[in-house]
Amino acid sequence: MRKLVVVVTACLLLAGCAASWEGQEVRYRIKSLDTSSPTEFFRLELVGDAPKGALDPQDLARKPVQPSAVSGGAAVGDELLCLVEQKKGSAIGDSHVVTLVKSCEKA
């Protein structure tokens, strides 16, 4: 009986842990430069399909990034390789997935 309690407790702990995914490199194309707010940012569009294993592939499709976060300089129409991470607050339920574009460089 004690073993069963230990196993069930371990399973519950694992189920409650946060899930995460980090892509090696995700390829984006700079679709436009948004200057409508005080902070400029590039609107990125995913090139090809989302990488396998992504927690929310649809959230990778379009992401903003500040021009200062792109090494090597870039302009509208250029392709970038970006490190992307997705985190989910809880492995159970409909916890929201947060996608972070960590760093980009011109491809």
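Above: the structure in question.
Residues numbered from 1 in each chain as written. Predicted model: local features only at pLDDT ≥ 70, side-chain atom pairs only at ≥ 80, totals over all residues. Heavy atoms only, no water.

What follows concerns the state of the cysteines. What the rule picks out here adds up to 1 disulfide. With a sulfur-sulfur separation of 2.1 Å, C82 is cross-linked through a disulfide to C104. One disulfide, between C82 and C104, carries an S-S torsion of 110 degrees and so falls in the right-handed class. Taken together, the positions of C82 in strand β5 (residues 79-88) and C104 in strand β6 (residues 97-106) put the pair 22 residues apart, joining distant regions of the chain. As far as the burial class goes, C82 and C104 line up, both buried. (Disulfide = S-S within 2.5 Å. Helix = DSSP H or I, 4+ residues; strand = E, 2+ residues; numbered from the N terminus. Buried < 20%, exposed > 50% of the residue type's maximum accessible area, 1.4 Å probe, protein only.)

Before going further, it helps to examine the pairing of strand β1 (residues 19-34). The pairing of β1 with β5 spans 9 bridges and is antiparallel. Within β5, the residue paired with A19 across the bridge is K88. Two strands pair when backbone bridges link them, and β1 and strand β2 (residues 41-46) are joined in this way by 6 bridges, in the antiparallel orientation. Pairing of I30 across the sheet is with L44, part of β2. (Pairing = 2+ DSSP bridges.)

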